[in-house]
Each structure stands twice: as structure tokens, then as C-alpha cells.
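# Analysis of the macromolecular model
One letter stands for each residue in the lines below.
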Amino acid sequence: MDNSLPPADELMLVDRELARLEARRTQLLTRRAWLVQVLYQPARAATPQRPVPPVAPAADSTPRSAQNVLLTLGGTLLTIAAVAFTLVSWGSMGIGGRTAVLCAVTGAALAAPVVLLRRGLASTAESVAVLGLVLTVLDAYALHRVALSDADGLGYAAVASAVLAGAWAAYGSALPRLRVPLPAGVVAAQLPLPLGALAAGGGATAFAWAALVTAAADGAVVLWTRPLPVRITAGAGAAVLGGWALLTGGWLSLSSPWSGAPLLLAGAAVCLYAAWRAPVSAWAVAVSAVAGPAAVAAVGGLLRSVLPGDWAVPGYVLCALLLVSVWRAGARVPRGVRTGLAGAGASTVALGLAWALPPVAAGALGPLARTTEVWSGEHAGPAPVAYPATATLVLAVVAAVLASVPRLWARCGALVLVWALLTALPVAPGLPYAATLALQLLTTAAALWIAVHPTPLTRGLPRPETPPTTSPDAHTTTAPAGSPTTGPTDHPATGSTGRPATGPVASGPVGRPAAGPTGAPAAAPAGQSASGSVPPPPSVPPRAPGAGFGAPGTGWAPPRPRPQAPAAEPGSILGWVAYAGGLVSAAGAVALALDVRGATFLVLAAVLGLLTGVTVLGTGARRTVSACGAVLAAAGLAFAGAAAAGLEDHWAGLALLLVPAATAAVGAKARPVALPVEITGAVVGLAALGLTVSRPAFLALALALGGVIAAATAVRPERRRFASWTAAGLFLLAAWVRLGVWGVTTPEAYTLPVTVPALVVGSLRRRRDPEASSWTAYGPGLAVTLLPSLGAAWTDPEWVRPLVLGVAALGVTLLGARFRLQALLLLGGTVLALDGLHELAPYVVQVVGALPRWLPPALAGLLLLAVGATYEQRLRDARRLRERLARMR
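The rules behind these values
- Residues numbered from 1 in each chain as written.
- Predicted model: local features only at pLDDT ≥ 70, side-chain atom pairs only at ≥ 80, totals over all residues.
- Heavy atoms only, no water.
- Helix = DSSP H or I, 4+ residues; strand = E, 2+ residues; numbered from the N terminus.
- Buried < 20%, exposed > 50% of the residue type's maximum accessible area, 1.4 Å probe, protein only.
- Contact = heavy atoms within 4.5 Å.
- Areas by Shrake-Rupley, 256 points an atom, 1.4 Å probe, with all protein chains shown as cover.
- Phe/Tyr/Trp six-rings, centres within 6.5 Å; stacked < 30°, edge-to-face > 60°.
- Lys NZ or Arg CZ within 6 Å of the ring centre and 35° of its normal.
- Core = buried A, V, L, I, M, F, W, Y, C linked by side-chain atoms within 4.5 Å.
- Patch = residues over 30% accessible without salt bridge, like charges linked within 9 Å, V, L, I, M, F, W, Y side chains within 5 Å.
- Salt bridge = Lys/Arg side-chain N within 4 Å of Asp/Glu carboxyl O.
- Expected span 1.5 Å × (residues − 1).
- Polar contact = N/O pair within 3.5 Å; in protein donor to acceptor, adjacent residues only side chain to side chain.
- pLDDT = per-residue confidence, 0-100.
- Axes fitted to C-alpha atoms, helices over the stretch in contact; angles between N-to-C directions.
- Parallel < 35°, antiparallel > 145°, perpendicular 65-115°, else oblique.
- Left-handed = near helix turned anticlockwise from the far one by under 90°.
- Nonpolar A, V, L, I, M, F, W, Y, C, P; charged D, E, K, R; others polar.

Turning our attention to the overall build of the protein. Along its length, the protein carries 32 helices and 2 strands. Here the protein holds 889 residues, and the buried ones make up 36% of them. Long-range contacts, defined here as pairs at least 24 residues apart, represent 70% of the contacts in the protein between residues at least 6 apart. Surface accessibility of the protein: about 49700 Å² in total, with carbon and sulfur atoms responsible for 70%.

Position of Pro 181 among the secondary structure elements: in helix H6 (residues 181–188). By relative accessible area, Pro 181 is classed as buried at 0%. Sequence separation between Pro 181 and Ala 129 is 52 residues; the distance between their C-alpha atoms is 7.7 Å. Among residues more than four places away in sequence, those in contact with Pro 181 are Glu 126, Leu 133, Trp 168, Tyr 171 and Gly 172.

One pass over the full model with this rule turns up 4 aromatic pairs. When the centroid spacing of 6.4 Å and the interplanar angle of 90 degrees are considered together, the rings of Phe 207 and Trp 244 count as edge-to-face. One end of the pair, Phe 207, is in helix H8 (residues 204–224); the other, Trp 244, is in helix H9 (residues 228–255), with 37 residues separating them in the sequence. We classify Trp 244 as partly exposed; its relative accessible area is 47%. Pairing Trp 576 with Tyr 579 gives two aromatic rings, centres 5.9 Å apart and planes at 85 degrees, and the pair type is edge-to-face. Here the residue Trp 576 and the residue Tyr 579 both occupy positions in helix H18 (residues 570–593), the gap between them amounting to 3 residues, near one helical turn. Taking relative accessible area as the criterion, Tyr 579 reaches 2% and is therefore assigned buried. The side chain of Arg 338 reaches across the aromatic face of Trp 327, ending 4.8 Å from its centre. Residue placement shows Arg 622 over the ring face of Trp 576; its charged tip is 5.2 Å from the ring centre.

Further remarks concern the nonpolar core. Grouped together as the largest cluster of nonpolar side chains are 24 residues, with contacts concentrated most on Leu 437, Val 603 and Val 607. Listing elements by their share of this core, those giving two or more residues are helix H16 (408–424), helix H17 (433–452), H18, helix H19 (597–617) and helix H20 (620–644). Excluding residues that lie within four positions of it along the chain, Val 607 makes contacts with Ala 586, Val 590 and Ala 633. Ala 320, Leu 321, Val 405 and Ala 410 belong to the second largest nonpolar core, which has 23 residues in total.

Residues Trp 258, Val 306, Leu 307, Trp 311, Leu 393, Val 397 and Val 401 make up a contiguous nonpolar surface patch of roughly 630 Å² in combined accessible area. For the nonpolar patch, the leading source of residues is helix H15 (residues 390–403), giving 3 residues. Of note, Val 401 is situated in helix H15. Taking the relative accessible area as the measure of exposure, Val 401 reaches 34% and is therefore partly exposed.

On to the pattern of salt bridges, then. If charged atoms from side chains of opposite charge come close, those side chains can pair. Taken as a whole, this structure holds 6 salt bridges when the rule is applied. Measuring nitrogen to oxygen at the nearest pair gives 3.2 Å for the salt bridge that ties Arg 716 to Glu 718. Classification of Arg 716 by relative accessible area gives buried; the value is 10%. One continuous salt-bridge network, built from bridges that share partners, spans Glu 678, Arg 716, Glu 718 and Arg 719.

Our focus in this paragraph is the side chain of Glu 748. As for its placement among the helices and strands, Glu 748 is situated in helix H26 (residues 747–768). Leaving out residues up to four positions away in the same chain, Glu 748 has contacts with Pro 753, Ser 789 and Arg 801.

Before going further, it helps to examine the environment of Val 180. Examined against the element boundaries, Val 180 turns out to sit in the loop between helix H5 (153–174) and H6. Put simply, Val 180 and Val 230 are 50 residues apart on the chain and 9.1 Å apart in space, counted from C-alpha to C-alpha. Beyond its immediate chain neighbours, meaning those up to four positions away, Val 180 contacts Glu 126, Val 130 and Leu 133.

The end-to-end C-alpha separation of H5 is 31 Å, in line with the 32 Å expected for 22 residues at 1.5 Å each. The backbone nitrogen of Leu 154 lies 3.4 Å from a side-chain oxygen of the residue at the head of H5, namely Asp 152.

So, about the confidence of the model for the protein. Chain-level statistics for the protein give a pLDDT mean of 79 and a share of 78% at 70 or above. Segment residues 52–64: pLDDT under 50, and 1 contact once partners within four positions in sequence are set aside and those in other chains are kept. Contacts from residues 469–559, a stretch scored under 50 in pLDDT, to residues over four places away or in other chains number 146 contacts.

A few words now on the packing of helix H13 (residues 335–355) against H15. In helix packing, the relevant descriptors are the interaxial angle and the interaxial distance, both defined with respect to the helix axes. Following both chains from N to C, one finds H13 and H15 inclined at 140 degrees, their axes separated by 9 Å at the closest point. The angle between the axes of H13 and H15 places the two elements in the oblique class. By crossing handedness, the relation of H13 to H15 is classed as left-handed. Within the contact between the two elements, H13 uses Val 349, Gly 352, Leu 353 and Trp 355 and H15 uses Thr 390, Ala 391, Val 394, Leu 395 and Val 398.

Once that is clear, we can look at unusual backbone geometry. If a residue is not glycine, its phi is most likely negative; likewise, a peptide bond is most likely trans. The residue Trp 375 is not glycine, and still its phi comes out positive at about 60 degrees. Looking at where Trp 375 falls in the secondary structure, it is placed in the loop between helix H14 (357–365) and H15. Backbone geometry at Arg 820 places phi at a positive 55 degrees, although glycine is not the residue there. Turning to its location among the elements, Arg 820 is positioned in the loop between helix H29 (800–819) and helix H30 (822–850). Looking at Arg 820, the relative accessible area reads 43%, which means it is partly exposed.

Our next topic: the environment of Leu 252. Relative to the assigned elements, Leu 252 resides in helix H9. Taking the C-alpha atoms as reference points, Leu 252 and Leu 264, separated by 12 residues in sequence, lie 9.4 Å from one another. Excluding its chain neighbours within four sequence positions, the residues that come into contact with Leu 252 are Thr 205, Pro 257, Ser 259 and Gly 260.

Time to look at the packing of H16 against H18. The contact between H16 and H18 brings their axes to 10 Å, and the two run at 15 degrees. Overall, the two elements H16 and H18 adopt an arrangement that is roughly parallel. Note on packing geometry: the crossing formed by H16 with H18 is right-handed. Contacts between H16 and H18 involve Leu 408, Arg 411, Cys 412, Leu 415, Val 416, Trp 419 and Thr 423 on the former and, on the latter, Pro 570, Ile 573, Leu 574, Val 577, Ala 578, Gly 581, Val 584 and Ser 585. Residues belonging to the contact of H16 with H18 are distributed by class as follows: 11 nonpolar, 3 polar and 1 charged.

Quick look at helix H10 (residues 257–277) now. Taking 1.5 Å of rise per residue, 21 residues should cover 30 Å, and H10 covers 30 Å from first to last C-alpha, within 8% of that figure. Close packing links the buried residues of H10 with H8, H9, helix H11 (281–306) and H13.

Structural data, given as C-alpha cells:
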């Protein structure tokens, strides 16, 4: 019987044990360092400290950098002098002098680095060698001007660059300590073939081939040489020339496929070989990502030349899918090459899908952008009328390929593409109206069915694993419950190199030993008992005698694991994807059905049934959204019925009130979705009220019916508080609108229906809570009636209203004084005073007009004298009045 663990579980077990050992070792080392510090600190303190010598300030530049600057400037000046001599002073010398100067100066410049390197002057040798290389270029130029002036310039430049490249490469190989000659030879080697192609009269194709061959040679240099500067230079040359060759091949693939295809295939072969031999995976990915599009462009261009125009993009997509299939080659192909090729193929497929998107957008969004009247019987054609029908083929092929990949992202992509295919299918072939509408409904039904039952699409997908719990202070993970574990060990942890590991602590803060299985320390340092005879380090709080490292209060206990959120189920994700597509298709079907009256009722009824089915069979948020959608579909049916019956808007608004009534009735039984359904019904009710605004009498009726619905909802205990207030508000608004229809302008007719219930509610609250403020209990109700009535009384020429208002305000004031209620006293007194002032104002004006002019100032002066004489008493009276008012509720 084999009891060995699977490799994955055993690896997890080994990693957890190594982390535990590493944590234990780090804790013991920290404890040991602290003990050494405690034991030897006095001796270290007694040792005299040597004075630290002052540190000299850092120089602005090092001697090496200054030397390099000087050498660079000297070499540059010599180079300028040589160029000036060659171009200006050349003609004043004879042929012998010219030859002597050229040979002498160039030979000296190239031979001097040998002597300088022997004496250790590497930087000087580098500068002189650069000067010698520049002189060889000038020698080549002078040779052409004097001896070979009849030769073709491009051909001579190609030969000269080849000779210089070989000479510089040989010179650099002979003096390997020089860093410039070899990269300079690589730079010169980039020119012979392209210049030779131009000299031979070749066109863009010949130049591209020459550039490609040169790039291939550069790739060989990158793969098979060691010096880093040489490899960098060759890599840059390969990128520039190879990119030019591939761009030329792509351009030729569009204009002359049979000329561009060989060039692209050759470039792809070179890139693929370089990627296969690349020592770094990132380079392999980058180079193979270039090879993939080149191969696709080559083969796709050939297919485009022999196939009809509508099949061009499907041909490219087919080649890209073949390229993506390289990913399944496994270990036979390096991972970097597979990644680059698959990524390039996937990018090409994405471009093909983008090309196929216009029919999808037209099928999904076209019906929403209406250009015809509702129920006119006319059907607006799709936007891309002449779009190729092969767009649906691209969607179908890519969907089939994704469906065969056992990954969640692939299944989601396949599901989206199937929906896109069904949405675009009526547009590309141009199906008739009835077939388009039927296909939209079938797409909606299929998507909603998958949203409810996504299990068939999850077959073959890996199940999500339960994530491990992670400690907030640790870098290790804790296995889920049921995983095999082992106890701690006293052996030190070692890393992969066999040396002791000194990484971060994995089970607790640094410097705190971990507790053993029983709470005692796993090991104690020499000379220290378990009771802790040596005091703990300052960073650790002191322990009680006899307490172990894991005892409570010591701060040494291991931290609690931190749970992680579980991964989402594949079925849930697929269900949401399908549900989103179903809702979009349902909206498109409803918009499309508005062209014909019968189709509108049919589609709305079908959508209502489908969403009701999802509400009954679905779970979670999809059930809630479906229930709200079903309410909207029912509202659409009700409004369509009213429109079909020829009812006016205000009658249609009354018909729409059937929807909130139905939602109130359904909400009593549909507990999981009761609140969203009722909220959606309330929104429909607001729309119904908006339809009746043009006829106030119908608006009052609609408000009253809404109040009845709210009152019926208030029967349920969980809705009683909100629904009762809503019902009261709707009834009040209905009464106000009705009064306005009857032409009632008396403000008390509008305010008293609010004041009486408000005062009743305030009285009940004061009875339940005697400490409640009178402003909260009675203030709003009284203010609603007293203040509008006061405004009306000030503009009313009759005496009845001011008299009734004064009597009412007097009664309110007396009640406030009797029961010590601040709101009643102040509101009633203020209204009574203002009302009395309004009534006495005409008589006061008459009396003031009859008195002499000097009497009012005299009376004002006497009043001020009286107040000043009794100022302290008046202040005490005002203070007592304020205190009494403050004691009132």
C-alpha cells in the first residue's frame, strides 16, 4: 500500500517546514546577539575609543573621468585636424607626399595603441585607436578622389565599407583590450550589401533582401560572439535593417503578394531561428513576436491573391489561428518561442474580430437608433448594408477554437463570440424582419437559459482551489484545513546552497522566538533557565516567572492567519456573461418590435415571460435584476395596450398604475425580490403621475390611487412605517390638487389637513416621550397653519380672518403658558402680536397724525428715561423671562 503524498502536497509540506525552521533560526540568532550585547557591553564600554580621523571632502570628479575627458577632447581635435587636412590641404602636395603622409599618419595612429597598451595606458590607446580608424576612412576617401575618381560612388562605398569592416574587425581581434574597433567593424559591415544593391540598380525589393541578409548576419554575431558591445551593436543593426526589410515585405504583400511573401517568410525564418537560439526568454518572446506577424502576412497575402475580396480577412485569421496552435506543441518548442508566436497570432485574431464587429454593433444598437415612427410598419435597414457576410464566419471560427480550450477565459470569449455571431447574423446576410425578430428572441432566450443553468459550459474546466490563509506578519501561507502538518524541529534551516538561511522571520516579528507546541520555548540558551533568569531584551515586554515564550501577555504568540476571499466559481462568471448578452438582446428585440404593433405585444410578452422565468429559477443579483426588468416589461405592455386602445396620456397614466398595484401585491409573497420589485413599481408610478400632469383632475385621482396602493402596502409589518407616511403624503397631495381644481384659494383649506394629523402625531410622541421638545412635537404642525394664515390676514381687507386668527393664536398662547410648552407660547404669542399690530396699525397712524409734532419725541424721551431709571430691574426681569422660557419644553 503506497502512502506517499502527491508531489504538490509534499512540496507544500517541505516549503512550510523550511519556513518554520528559518523563522526559528532567525529568532535564536537575534536572541544570541542580544545576550552577547548584555554580557560584553561593560567591557566594550571600558575600552577607550580611538578618535576617528576626519574624512576629506569628496572630489567633484575622479582622476579616471578627468583623464577620459582630456583624451576624448584630444582625439576629437586630432580628428578635426585630419579631416581639414584631407579636404583642404590635400591639393598642395604631390602624389608622393600624399602617399607618405597617409601611410605615415595612419600607420602611426594604428601602431601606437600597441605600445600604449604594453605600458598600461588603455584610455590613451583607445583614443589613438579611434583616431586611426577615422584616418582609415579618410584614406579611403582620398584614394577615391585621387586614384579611383571614375569609379561609381555607391559601388566604391560598398567595397570600401566591406574592406574597412574586415580591417577593423581584424585590428580589434588583434588588440582585444580595445573596445571600439570591433563595434566599429560591425557598424561598417551594415553598409556593403545595401549599398551594393543600390549600386547594382536594384529597387526596393533588392534593397530589402540585402538588408535582410545583413540583419541575419547581425543575428549570427549576436548569438555566437561574446563581447557585449559587439552584441549590442549587432543587435541594433539587426533591429533596424530587419525591421526595414519586414516593413518592405509587408508593403509588397499588399501590392505584389508573390514578391513580398518570400521576403516575409525569409525574415520570419531568421527571426524564428534567432528566437529558438536566444539565451534569454524575454528576447525569444520579442523576436518570435516579430516572426509571427511576418509569417501571417506572407501566407495571408498569398491567400488574398487567389481568394475573393470578402475572404481576405478570414484567410489572415485562419493563418493566425494556425500560429496560435503552436502553443500546444509543448516542450518540443521553447516556451519563449511559443509565447511570442501565440501572442502574435492572438493579436492578429483580435484585429480580425475588430473587423467583424460592425455587423455586431449594427445588430445590437441599430434598433435603438430609430429613424422611423413607432408602429409605422417601416423597417430601417442596418447601417453596414454592404458589409461582407464572411464577418460571421470569422466570429464562428474563432468561437469554435476558443470553445475547445479548457480555460475559463476561453469559454467566456467563446460565449461572447457566439452571442455576437447570433446578433450579427441578421445584418450580414440581410435577413427579413420576421426572421431577424425571431432570431433576436431566440438569442435572448438562449442567453438567459445559460445564465440560469451555466453548468454545461463548465465541463472540462479546472475547479477553483480554496485559497490558503496568509498571516499578516508572515511571508508564508497556511494550508487549508485537512492538510497534513508536522511539528517543529530543532535543526537549523538551510537554504538551497546548503548555508544557514537568514531571511525574514516567517512566523512572527523579528527578535521574538516562536512558541513550541505546548507554549514553552523550543530551546533555551546556555545559562538561562526556563523561568527566564536573564531579563528579556528591551523590545519584548517582561514575562511572568515560569511563563514560556508562548504565554499570554508576552507578545511572543504566533499571529492569527488572515483568511482570503474565495475564488469566483466558473459557472457564476459564465452566467453573468450570458446574462449581460441576454439583456442586450432583449433590449434590441423590444426596440426592433416597435416597428409593428403586433410584434410589440408579442416581444414584450415574451421578454416578460423570460425575465419572470429567470426570477423564479435564478439566484442572487441576476434574480433581482430580472424581477425589475419584468416589471418594466409589464409596464411596457400596459402602456402599449393603452396606446393601442387610443387612450389619451392621462388615461394611459391611470392604466400604468396597474403596475405598482401588481408589484405591491406580488411583493407580499416574493420575499427575496420584494423590495426591488416595489421600488421599480414606484418608479413606474412616478411615470404614470407624469402622464397625468396635463390634467389636474386626473392627477388628483392618480395621487389618490397611489395613496390607496401605499396604504395597502402599509398593512405589511415590514413596510408599515415608510408606506404609511407615503400614503399620507399622496392623499394630502391629492387633496391639494383637488382643491386647486375647485378653485379654492383659502390657505387654511390646504394647511389644516396637515396641521391636524401633525398635532395628533406630536401629542402621541409627547405621551410616549415626555422629554421630547415641543418644537419637534408641535412646532411643524402649528407653523404650517399659523404662518400662511398670518400672511393672508395681513393682505385681507376683511375683519373675519384676523379675528379668527387672533382667537386661535390666543388659545395656542394660553395652552403654551398653561402646560409650559415653549413652541406654543412663542409661536402663538408672535402670531397674536403681529395680528394685533396689523389691526391696530390704522388707528395708531390716525392718533399719531392727530397729536402735535413735538409729542412723539417727548414720549420717546420719557420712555427712555423710565427704562434707564429701572435698567437693572428690567435686566433682571429679562433674565428671569429667559430662564423660564429655557425651562419650558
